[in-house]
Amino acid sequence: MPAYSNSTPPLSLFPGDLGFSFNAEAFPANGTAGSQFAIPEPAGLTDQGHTVRWQTIFGTAPSAISIVLQAAAADVDSEYSTIDTSVATTGEARSIASVRARFLRVKLTSATGGAALTAKILP
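What you are looking at is a predicted structure, and each value in this text was computed from that prediction instead of being measured.

A closer look at the pairing of strand S6 (residues 64-72)
Most of S6 sits inside the fold, with 8 of its 9 residues counted as buried. As judged from the 9 bridges shared by S6 and strand S9 (residues 103-112), these two strands associate in the antiparallel manner. When the sheet's bridge partners are listed, Leu69 is paired in S9 with Val106.

A closer look at the nonpolar core
Counting residues in each nonpolar core, the largest one holds 21 residues, and the members touching the most others are Ile67, Leu69, Leu104, Val106 and Ile121. Residue assignment for this core shows that the elements contributing at least two residues are strand S5 (50-60), S6, strand S8 (92-99), S9 and strand S10 (115-122). Among the elements that take part in this core, S6 stands out by supplying 4 residues, more than any other. Not counting the four nearest positions on each side in its chain, Leu69 is found in contact with Val52, Trp54, Ser81, Thr82, Ile83, Asp84, Ile96, Arg105, Val106 and Ile121.

Brief notes about the packing of aromatic side chains
Taken as a whole and judged by the stated rule, the model has 1 aromatic pair. Each ring, one from Phe27 and one from Phe58, has its centre 5.9 Å from the other, and the planes form 25°; the classification is stacked. Residue Phe27 is found in the loop between strand S2 (19-25) and strand S3 (32-33), and its partner Phe58 is found in strand S5; the two are separated by 31 residues along the sequence. Phe58 gets classed as buried once you look at its relative accessible area, which sits at 13%. The ring of Tyr80 carries the charged tip of Arg105 above its face, separated from the ring centre by 3.9 Å.

Describing the side chain of Gln70
Mapped onto the fold, Gln70 is located in strand S6. In this structure the side chain of Gln70 is engaged in a polar contact, spanning 3.4 Å, whose partner is the side chain of Thr82. A distance of 2.7 Å separates a polar atom in the side chain of Gln70 from a polar atom in the side chain of Arg105. Each residue touching Gln70, except ones within four places of it in the same chain, is listed here: Tyr80, Ser81, Thr82, Ile83, Phe103, Leu104, Arg105 and Lys107.

Some points on the pairing of S9
By the bridge criterion, 2 bridges tie S3 to S9 in an arrangement that is antiparallel. Bridge pairing in S9 links Thr32 to Leu108. As judged from the 2 bridges shared by strand S4 (residues 37-38) and S9, these two strands associate in the antiparallel manner. By the bridge assignment for S9, Phe37 is matched with Leu104.

Each value, and the rule that gives it
- Residues numbered from 1 in each chain as written.
- Predicted model: local features only at pLDDT ≥ 70, side-chain atom pairs only at ≥ 80, totals over all residues.
- Heavy atoms only, no water.
- Buried < 20%, exposed > 50% of the residue type's maximum accessible area, 1.4 Å probe, protein only.
- Helix = DSSP H or I, 4+ residues; strand = E, 2+ residues; numbered from the N terminus.
- Pairing = 2+ DSSP bridges.
- Core = buried A, V, L, I, M, F, W, Y, C linked by side-chain atoms within 4.5 Å.
- Contact = heavy atoms within 4.5 Å.
- Phe/Tyr/Trp six-rings, centres within 6.5 Å; stacked < 30°, edge-to-face > 60°.
- Lys NZ or Arg CZ within 6 Å of the ring centre and 35° of its normal.
- Polar contact = N/O pair within 3.5 Å; in protein donor to acceptor, adjacent residues only side chain to side chain.

Here it is as structure tokens:
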């Protein structure tokens, strides 16, 4: 279950904006989703895919980690699906082309050790 509430609309990220799904936080419980972001489409343009960049940073590196970028058409927990996975214990920046989704979030699948988790999304 995500740690956020979707009773209020999520923040929107436009091209060039930076969103922190996790921001230098103590490692959450395995299976915890970070903040979600809406990815709006400009008026008058057809539904186009976006290149999404995301990055993981650790204050103290975990000994093992699995963290995923998830996308959904609607901000409903059951609709999010994994579009990319990182297992780099030193953190890394990744890019995914042709993402066609309205919402993005980062979810910690599992981690052993580590501290100060930061996960950024840049559409």
